[in-house]
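Each chain is listed here by its residues.
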Amino acid sequence: MTAKAISQEERFYQLIDKEEKIEPKDWMPEKYRNTMIRQISQHAHSEVVGMLPEGNWISRAPSLRRKAALLAKIQDEAGHGLYLYSAAETLGADREELIEELHIGKAKYSSIFNYPTLSWADIGAIGWLVDGAAIMNQVMLCRTSYGPYSRAMVRICKEESFHQRQGYDILLTLCNGTKEQKEMAQDALNRWWYPSLMMFGPKDDESVHSDYSIKMKIKRFSNDELRQRFVDATVPQAEYLGLKVPDKNLKFNAKTENYSFTEPDWSEFYNVIKGNGPCNKDRIKTRREAFENGKWVRDAAIAYAEKQKQNNKNGKQ
Ligand code: BYC
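Residues numbered from 1 in each chain as written. Predicted model: local features only at pLDDT ≥ 70, side-chain atom pairs only at ≥ 80, totals over all residues. Heavy atoms only, no water.

### A closer look at the overall build of the protein chain
Convention followed: Where helices and strands are cited, they refer to DSSP runs of H or I of at least four residues and of E of at least two residues respectively, numbered from the N terminus. In this description the radius of gyration comes from C-alpha coordinates, and the expected globular size is given by 2.2 Å times residues to the power 0.38. In this scheme, a residue with accessible area under 20% of its type's maximum is buried, one over 50% is exposed, and one in between is partly exposed, where area comes from a 1.4 Å probe on protein chains only. We call two residues in contact when some of their heavy atoms are within 4.5 Å. To measure how exposed things are, a 1.4 Å probe is used in the Shrake-Rupley method; for residues, cover is taken only from the protein chains shown. The sign given to each residue is positive for Lys and Arg and negative for Asp and Glu; His and the chain ends receive no count. To locate a charge, take atom NZ for lysine, CZ for arginine, CG for aspartate or CD for glutamate.
In terms of regular secondary structure, the protein chain is built from 13 helices and two strands. Against the globule reference of 20 Å for 317 residues, the protein chain gives a C-alpha radius of gyration of 22 Å, in line with a compact fold. Along the three orthogonal principal directions, the C-alpha set of the protein chain runs to about 70 × 55 × 35 Å. Counting every position in the protein chain, which comprises 317 residues, the buried fraction comes to 47%. Across the protein chain, contacts joining residues at least 24 apart in sequence account for 77% of those joining residues at least 6 apart. Accessible area for the protein chain stands at about 17000 Å²; split by element, carbon and sulfur atoms hold 54% of it. A gap of 3 Å separates the mean positions of the 47 positive and 44 negative side-chain charges of the protein chain.

Structural data, given as structure tokens:
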């Protein structure tokens, strides 16, 4: 008996049902392709723009050890951006076009990177809270249905764990230091807490893409579920530091083992993602300048690749 021939479309949904990965050459619905390009490219832009708030402190890190760790972390973020642009290219996206969309303010990147880093404690808060939120979201993405994205996430999550520890370690040192240092840590937590909660995206009932993404196993948990998990994991870490989460309504419910908490100000979130946050314009300007200043490197790399191609054609080494 011959197996019943199935259409490409049926095969796609079978792979999703069986928890098998969709690979670049597999047929996929246009909606799936576009959703993946949107999310992966926004994620890539976030990694690259995300280098800027921390980059601001490389020259002012308080010791050589802190400077080396911060430099390594920021270089990791650049690497994450590069894997992710490559993953988007496997879907047929053009990297130059994606970057152009970022530079003209059309493409989104994570809202969190539009806030300023005002003190050294902010570098601790970014590692602890921002990378902590990123891990919470990205661990589920290691099981996302698109193969290249899920594999990139495995390595990215390992690196983010180091980032989170370096941030927590900065705050631990400050919290065990002078009164002024502890106040600096508290001030950083006060300013980064709600923007970190916004990283998970809008409330579930306002999330445009969640239903489709959960059906296609792109997302495994909803925005609100991940936000709750983040709060539950982070509040005890704040207590260990001796810091106070800036939320009067924070309350542990022993029955559900969850904290109830005050929602972020969603009007602020929508304002920031529309381009009107405290640093949006500055971030894009800096990225554009960096891109223009790096043109000679890209030109040299392309010329070198061309030369290698010619040499290979002519049988030269
Ligand atoms: N900021 O329907 P929704 C890092 C947009 S970087 C800005 O819920 P979805 C790091 C959303 O795009 C890691 N925009 O969307 C780097 C959509 O707009 P469009 C960053 C946001 O996709 C350096 C609209 O709002 N992580 O770790 O189902 C240093 C409606 O939302 C945000 C990722 O990129 C936001 N916070 O869910 C340190 C993770 N939230 O496209 C650390 C990958 C929502 O319709 N992305 N929007 O115009 C995701 O997991 C999902 O895309 C989200 C949103 C959970 C963020």
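Once you've had a look at it, read on.
### Some details on the packing of aromatic side chains
To be explicit about the condition: Ring geometry is summarised as follows: Phe, Tyr and Trp rings, the Trp one being its six-membered ring, pair when their centres sit within 6.5 Å, and such pairs are stacked at plane angles under 30 degrees, edge-to-face over 60 and tilted between the two. Two limits define a charge over a ring: the Lys NZ or Arg CZ must be within 6 Å of the ring centre, and within 35 degrees of the ring normal.
Going through the model one piece at a time under the given rule, you end up with 11 aromatic pairs. Look at Trp128 and Tyr168: their rings are 5.8 Å apart centre to centre, the planes differ by 65°, and that puts the pair in the edge-to-face class. Within this pair, whereas Trp128 is found in helix H6 (residues 120–141), its partner Tyr168 is found in helix H7 (residues 147–175), the two being separated by 40 residues in sequence. Like Trp128, the residue Tyr168 is buried in the burial classification. Among the aromatic residues, those joined into a cluster by ring pairs are Phe12, Tyr13, Trp27 and Tyr32. Lying across the ring of Trp57, Arg60 places its NZ or CZ 3.9 Å from the centre. Positioned above the aromatic ring of Phe221 is the side chain of Arg229, whose terminal nitrogen or guanidinium carbon lies 4.0 Å from the ring centre.

### So, the layout of surface pockets
Threshold: Space inside and on the surface of the protein is sampled on a 1 Å grid over the protein atoms alone, with a cavity defined as a set of points where a 1.4 Å probe fits but cannot get out and a pocket as an open set with protein on both sides within 12 Å along at least 5 of 7 lines; lining residues have an atom within 4 Å of a point. Grid points are joined across faces, edges and corners, and a volume is the space filled by probe spheres set on the points. Throughout this entry, Asp, Glu, Lys and Arg are counted as charged residues, while Ala, Val, Leu, Ile, Met, Phe, Trp, Tyr, Cys and Pro are counted as nonpolar. The remaining residues, Gly among them, count as polar.
Of the voids in this model, the largest pocket is the one considered here, and its volume is about 990 Å³. Listed by contribution, the elements that provide at least two residues to the lining of the largest pocket are helix H2 (30–49), helix H4 (64–89), H6, H7 and helix H11 (266–276). When residues in the lining of the largest pocket are grouped by element, the largest group, nine residues, is from H6. Residues that form the lining of the largest pocket fall into these classes: 17 nonpolar, 14 polar and 10 charged. Here the second largest pocket is characterised by a volume of approximately 460 Å³. As for the second largest pocket, its lining consists of 17 residues, and the residues nearest its centre are Leu82, Ile99, Arg287, Phe291 and Arg298. Of the residues forming the lining of the second largest pocket, the biggest block, five residues, is contributed by helix H5 (residues 95–103). Of the residues in the lining of the second largest pocket, the class split is 10 nonpolar, three polar and four charged.

### So, helix H12 (residues 280–293)
Keep this limit in mind: Expected helix span is taken as 1.5 Å per residue step, with the number of steps being one fewer than the number of residues. Think of it as the arc spanned by the lines of direction from the helix axis to the C-beta atoms.
Between its first and last C-alpha atoms H12 spans 20 Å; for 14 residues at 1.5 Å apiece the expected length is 20 Å, and the two agree. Burial in H12 covers these residues: Asn280, Arg283, Ile284 and Arg287. Axial view of H12: buried residues confined to an arc of 95°, hence all on one face. Turned more than 90 degrees away from the buried face of H12, the exposed residues are Lys281, Glu292 and Asn293. Against H2, helix H3 (51–55), H5 and H11 lie the buried residues of H12.

### A short note on the site of the ligand
Put simply, the rule reads: If even one non-hydrogen atom of a residue comes within 4 Å of a molecule or strand, that residue is called near it. Cavities and pockets are treated as containing a molecule whenever more than half of the molecule's atoms lie within 2 Å of their grid points.
Taken together, 36 residues sit near the ligand, with Gln42, Lys108, Ser207, His209 and Lys219 positioned nearest. In isolation the ligand has 1000 Å² of accessible area, and contact with the protein removes 91% of it. For the ligand, the cavity whose grid points lie within 2 Å of the majority of its atoms is the largest pocket. Classifying every residue of the shell around the ligand by side-chain character gives 13 nonpolar, 14 polar and nine charged.

### Section: the side chain of Glu160
Its location among the elements puts Glu160 in helix H7. Each residue touching Glu160, except ones within four places of it in the same chain, is listed here: Glu47, Glu77, His80, Asp131, Ala134, Ile135 and Gln138.

### Remarks on the pattern of salt bridges
It is possible for side chains bearing opposite charge to pair when their charged atoms get close. Stated precisely, the cut-off is as follows: Counted as salt bridges are all cases of a side-chain nitrogen of Lys or Arg within 4 Å of a carboxyl oxygen of Asp or Glu.
Counting across every chain of the model gives 21 salt bridges. Across the pair Lys73 and Asp131 runs a salt bridge whose closest N-O atoms are separated by 2.9 Å. Note that Lys73 is positioned in helix H4 and Asp131 in helix H6, a separation of 58 residues in sequence. The exposure class of Lys73 is buried, given its relative accessible area of 1%. The exposure class of Asp131 is buried, given its relative accessible area of 3%. For the salt bridge of Glu306 with Lys309, the shortest nitrogen-to-oxygen distance reads 3.7 Å. Taken as a pair, Glu306 and Lys309 lie in helix H13 (residues 295–313) at a separation of three residues, close to a single helical turn. By sharing partners, the salt bridges in this structure join Glu54, Lys73, Glu77 and Asp131 into a single network.

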